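Examination of the molecular architecture
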Amino acid sequence: MSEFNHREIEKKWQKFWEENGTYKVEIDHSKPKYYVLDMFPYPSGAGLHVGHPLGYIATDIYSRYKRLKGFNVLHPMGFDSFGLPAEQYAIQTGQHPAITTESNITTYISQLKKIGFCYDWSRKVRTSDPKYYKWTQWIFMELFNSWYNKDTDKAEAIETLYEKFEQNGTFGVKAVSGDDVQRFTADEWKGFTETEKYKISLDYRLTYLSDAVVNFCPALGMVLSNDEVKDGVSERGGYPVIQKKMKQWVMRITAYADRLISGLDLVDWSDSLKEQQKNWIGRSVGAMVQFALESNKTTKIEVFTTRVDTIYGVSFMVLAPEHELVASLTTPEQKESVENYISETQKRSELDRMSDVRTVSGAFTGSYCINPFSGEKVPIWIADYVLAGYGTGAVMGVPSGDQRDWNFATHFNLPIIQILDSQTDIETQADATKEGKYVNSGMINGLGYKEATAKLINWLEEKGIGKGKVNYRLRDAVFARQRYWGEPVPVFFKDGLPYLIDKEDLPLVLPEIDKYLPTEDGEPPLGRAEGWNYKGNEYELSTMPGWAGSSWYWFRYMDAHNDQEFASKEAIDYWQNVDLYLGGTEHATGHLLYSRFWNKFLKDRGYVPQEEYAMKLINQGMIMGRSSFVYRLKDTDKVTFVSYGLKDKYETTKLHVDVNIVENDVLDIEKFKETRNDIGDDPQFILEDGKYICGSEVEKMSKSKYNVVNPDTIVEKYGADTFRLYEMFLGPLTESKPWDTRGIEGTYRFVRKLWRLFYDQNGKYLVVDAEPTKEELKALHKTIKKVSEDIEAFSFNTSVSSFMICVNELSDLKCHKKAILEKLVVILSPYAPHVTEELWQILGNSDSITTQEFPIFDAKHLVEDSFEYPIQVNGKVRATLNFPADMSKEEIEKLVMENELVLKWLEGVTPKKIIVVPKRIVNVVI
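These remarks concern the structure in this document. (Residues numbered from 1 in each chain as written. Predicted model: local features only at pLDDT ≥ 70, side-chain atom pairs only at ≥ 80, totals over all residues. Heavy atoms only, no water.)

**Some points on the overall build of the protein**
For clarity, the threshold we go by: Only DSSP runs of H or I covering at least 4 residues are called helices, and only runs of E covering at least 2 are called strands; the numbering of each starts at the N terminus. For every accessible area listed, the method is Shrake-Rupley and the probe measures 1.4 Å; residues are considered covered only by the protein chains on display. His is not counted, nor are the chain ends, whereas Lys and Arg count as positive and Asp and Glu as negative. A charge is said to be at NZ when it belongs to Lys, at CZ for Arg, at CG for Asp and at CD for Glu.
Each helix and strand in the protein was counted, giving 28 helices and 35 strands. Here the protein displays about 41,800 Å² of accessible surface, and carbon together with sulfur accounts for 47% of that area. Side-chain charges of the protein comprise 112 positive and 136 negative groups, with the mean position of each set lying 3 Å from the other.

**Points about the sheet that holds strand β21 (residues 537-539)**
In plain terms, the rule: Any two strands with at least two DSSP bridges between them are considered paired.
The strand order across the open sheet formed by four strands is β19-β18-β21-β20, and the pairing between neighbours is antiparallel. Since the sheet does not close on itself, it has two edges, and those belong to β19 (497-500) and β20 (533-534), each with one partner. Across two bridges, the pairing between β20 and β21 is antiparallel. Bridging from a neighbouring strand, Tyr-534 pairs with Asn-537 of β21.

**What about the packing of helix α22 (residues 744-755) against helix α24 (residues 796-812)?**
Pairs of packed helices are described in terms of their axes, by the angle between the two and the distance that separates them. Cut-off, in case you're wondering: Here an angle of 0 to 180 degrees is reported between the N-to-C directions of two axes, which are lines fitted to C-alpha atoms, with helices fitted over the stretch in contact. Should an angle lie under 35 degrees it is considered roughly parallel, over 145 roughly antiparallel, and from 65 to 115 roughly perpendicular; all remaining angles are considered oblique. When the near helix sits turned anticlockwise from the far one by under a right angle, the crossing is termed left-handed; a clockwise turn instead gives a right-handed crossing. Whether two residues are in contact is decided by their heavy atoms, any of which lying within 4.5 Å being enough. As a working rule, the residues Ala, Val, Leu, Ile, Met, Phe, Trp, Tyr, Cys and Pro are called nonpolar, Asp, Glu, Lys and Arg charged, and the rest polar, with Gly in that last group.
Interhelical geometry of α22 versus α24 gives an angle of 40 degrees and a closest axis separation of 10 Å. The pairing of α22 with α24 is recorded here as oblique in orientation. As α22 packs across α24, the resulting crossing turns out to be left-handed. Here Thr-747, Phe-750, Lys-753 and Leu-754 of α22 come into contact with α24, specifically with Phe-803, Met-804, Val-807, Asn-808 and Ser-811. Per-class residue counts for the contact of α22 with α24 are five nonpolar, three polar and one charged.

**Digging into the environment of Tyr-133**
Tracing the backbone through its elements, the reader meets Tyr-133 in helix α5 (residues 130-144). Note: C-alpha distance between Tyr-133 and Leu-506 (373 residues apart in sequence) is 9.1 Å.

**Considering unusual backbone geometry**
Of the consecutive residues Leu-506 and Pro-507, the connecting peptide bond is found in the cis state with omega at 0 degrees. In this fold, Pro-507 is placed in the loop between β19 and β20. Even without being a glycine, Gln-576 presents a positive backbone phi close to 55 degrees. Relative to the elements of secondary structure, Gln-576 occurs in the loop between α17 (569-575) and β22 (580-583). Of note in the backbone geometry, Phe-794 takes a positive phi value of approximately 60 degrees without being a glycine. Structurally, Phe-794 is set in the loop between α23 (774-792) and α24.

**Notes on the packing of aromatic side chains**
Threshold: Stacked, edge-to-face and tilted are the three classes for Phe, Tyr and Trp ring pairs, Trp counted by its six-membered ring, which pair at centre distances within 6.5 Å; planes under 30 degrees apart are stacked, over 60 edge-to-face, the rest tilted. Residue exposure (1.4 Å probe, protein chains only): buried if accessible area is under 20% of the type maximum, exposed if over 50%, otherwise partly exposed. As a reminder, the over-ring test applies to NZ of lysine and CZ of arginine, requiring each to be within 6 Å of the ring centre and within 35 degrees of the ring normal.
Under the counting rule described, the total for this entry stands at 76 aromatic pairs. Taking the centre distance of 3.7 Å and the plane angle of 10 degrees together, the rings of Trp-554 and Tyr-613 count as stacked. One end of the pair, Trp-554, is in helix α16 (residues 553-558); the other, Tyr-613, is in the loop between α18 (591-604) and β23 (617-619), with 59 residues separating them in the sequence. When the centroid spacing of 5.7 Å and the interplanar angle of 25 degrees are considered together, the rings of Trp-755 and Tyr-759 count as stacked. The class of Trp-755 is buried, set by a relative accessible area of 1%. Relative accessible area serves as the criterion here: at 9%, Tyr-759 is assigned to the buried category. Of note, Arg-252 hangs over the ring of Tyr-208, and the distance from its end group to the ring centre comes to 3.9 Å. Above the plane of the ring of Trp-905 lies Lys-904, whose end atom (NZ or CZ) is 5.9 Å from the centre.

All we've got here are geometric facts, nothing functional implied.
Encoded structure:
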C-alpha cells in the first residue's frame, strides 16, 4: 500500500489483532508481570464522547510500552453494568434493563475497538452477568459469616466468635459490634437456643440489618446514594429526595477505618487523593460524655467530643432532627415548629447539610439536659447540621470555641461562655485555642489543655458516665437499594430473622417482573416477582448498591471464566495487585474506599495475599468541550441570528449550537435549519463576509451544551492513530484541557509526514539499507531517550512533541534508512499502533510489531564531536570558533590567540588573562 489510507490500514490491523489473539494474555512465569487497569465504565446509551477515551489511551500506551520492555501485561476491560439509568428507561418503556444494557455494551465495545486498544477482550466482564454477580453474592455471604476481632485486628469466621463465647461468654471479647450488645457468661451462652445464639451473632457480623437514615426518593420509590443526589433532588429525573429512616443492609466498613488510613502509606497515590480519603474517614480522638435529661435522669443523651476540655462552656445541646429522642423531648408548645423544621430537613441531602456552613437554622424542643460537670441546665435544640448517622447524632454546643456553634448561639441569642484566659474577641467570633489556663471551668480552673483533658476523662470513667474514645467521620456503608436492576441479596427471612441461602444455590438470579416500579404496597420492585421465594421463605427484596460489583472486579479479570472460584489461587498469586490504576477523581471517596475495604476483608479471610490492591493510581484530567454559540436578536418579529463579530451592535440572546455543524467557527446554516425545531420555518442570518461566525467557550462536555464530539466521527475522518496522538498532545494527563477539533489537523499532517519517510508523493518506495549517519542516529536516539523517560513519567504529551521533532529532523536529513525507520516505528507503536504495524510490515517484517523489544538508548550517539565557542573580548562577543569537544583548555587558548579576527580586536595589546569555560565560552581580558 503505497498511498496512506488510514481507514484501510486500521480495519486491516484491527482484524489481524482479533483473528490472531494478539492481545490475549496468559500466566507466563518466564516474564515479569504488569497489571494495568482502567476504572471500568458504565455503558450509557449515549456511548463515548471524545473525553472518555483520554485515560484509556494513556493506559493503552503504557501497556504496549511495558510489553515492548519484556513484561507480561494484563490490560482488561469490562462494564459496571448495573445502574439507575437502565432501570429508569425500563420504567418508561417496559423494556428489560438487560436488553438496554447489552445494546449499550455492544456500542461501547465497537467504539473502543475502533480506537485500537490492546485489551484482552477474552477477559471481558460485566457486573450484571449472573456468572459475575454469583461471586459478588458469595463475597456478601462471606462478609455476613465474619466478625472483626480487635485483638488480631482482622476479620475472622463467625465460628471463632462462637468459640470465644463458648469459653468465656462476652468477657474479654474485643469485637466491632453494635452499641447495645447483650452481655453474658459462658454458662449463659451454653444455655441459649441455637436461634438465640444466632440472633446474638447478628450484632457482630460484618454485614447486618439496621435502621439507617437514607436518601429516599418517593417518586422513584428507592434509596439513592449520596452521588445520585444533587441539591436535594435525584440526579436522574430531578425528583425530590428526603431523609428517611429505613431498615437497610449495612456493612461495617468502620471496622477497617484505621487500616484504610494506614494502608495509604503503602501506595503511590497523589497526596491530594490520600488527603481526601483521610478526611472522609475523619479519625478523631476524644471522649464520650452522657448528659442526663432534666425530666428523666435515667435517660441520657450521649455525645462524642474531641474537646472535652471545653465542657464547662456548653450553653446548648443540638440533636439531629432524626434523633430517636426528638419526639419525646418536644414539648406541646414547640411541637409545631419542631415538626415543620423536621419536614424541611427531610428535603435536604446529607451532603448539602454537611457542606452548608453559612445557613443557621434550628428549632428548640422545649426540653433541657444537665451538664454532668457543672450541673447547669442546657437547652436542647435540633439543627440540620447534626446528622443522625454521624457519631451519636448529638453535639454539645460550645460557642466560645467553635465557629458554627458561635453562629448558632448568636443567631438564637444563647450564652457564649469564656473558658480559657487566652480566648480573645469571643464577642465577635469563636476562638478555638488550646493555649492558656482554664477559667469558669470548675475542677480544671488553672490547668493547661493536656492536664485538663486527662482529669476530665478520668472523672467521667470513674463516674461511669463517659470514656475516652477514638471516633470516625466514616460511617458504616448502607448496602441496599430499593430497585430492580442490581444484584439480588442472597438472603431469605424466617421468623423475622435473615438467613443466607445455600452457596450451592448461587447465583440468585434476578426474576422476571411485570413492571419495574415499587409494588402498590410500597415494596421494592422485586416484590412483584411471582412465586419468587426460597423454600417457601420470603427473599430480601432490596438489591445491592452500584458499588458492589466494582469493589472486587480486578480479581475477576485475573480468571474471568472460573466457575468454581472468583479467581484461582494461581492467578491471584501471579497477578497480585494492580500495578497501574487510572480513573477519574469522582471515585476518590466512594469506589476507592469500598474497594479497599473489600480487598482488606478478602486478605483477612485468606483469599488474597495483599493489603492494598492498587499500587499506583493516577487520576486523569477532564477533556472539556469547546462550545459554539449563535446569537439571536431580541424583540424581533422574525427569528434572526447575527454573526459573532456583529453581535455587539444588537441586543441578543446567546444559544448553544451543535459543534458538529460548525467548522473553524463557521456555522453550516442549512444543517442548523434542518436540526433545530425551535427557530421557525425561515430564520434570517446577518452574516460577516458571507459567513455566519459562531462564538465559543470552554465548558464541560455534555449533550445539553451541544458540544459533545463523537470519537467515531473523528476516527472516520482522521484515523484512530491521529485521534490517539492528538488526545495525548492536548496537555498533561492529570490536567483538564479543552477539545478543539481544529487542532487535530496538525497531528494528521504529522502522521502523513511520517508516511513520506517511506513513500514519496508518487508512491515510490524510498527505504534503503544504507548505514545511518551521525546526525540520523543522533535524531533517533535523542527520541528513544526522551520518549522512554516521558512514558515512565506518564508525560505523554511531551512524547508526541518528540516524535514530531524527530520526523521533521529525519525529513530534513532526507533519511529513508531502514536501520533508523525500524526503530522509529517501534517506539511510536504504543501511540499509533495501526500505522506502525503497517510500516513495520512494509519494511519487510512478517511478525507483529507488538512482539519487538523497545529500542535501547545509546548515549554515545548524543556525544558532540565539536563545540562552537563564543569568543568574548572584554565581555563582548567578537568571534565564534569551532573546536573539538574534548580539546584541552591550553590548546583552545593557544588557537584563540592565533586567530586573526581575535588579534584584530586585541590591537596589539597582550591580554591580562584568558578564561576558558569548557563547552561554554572563552573570555579574553585586556
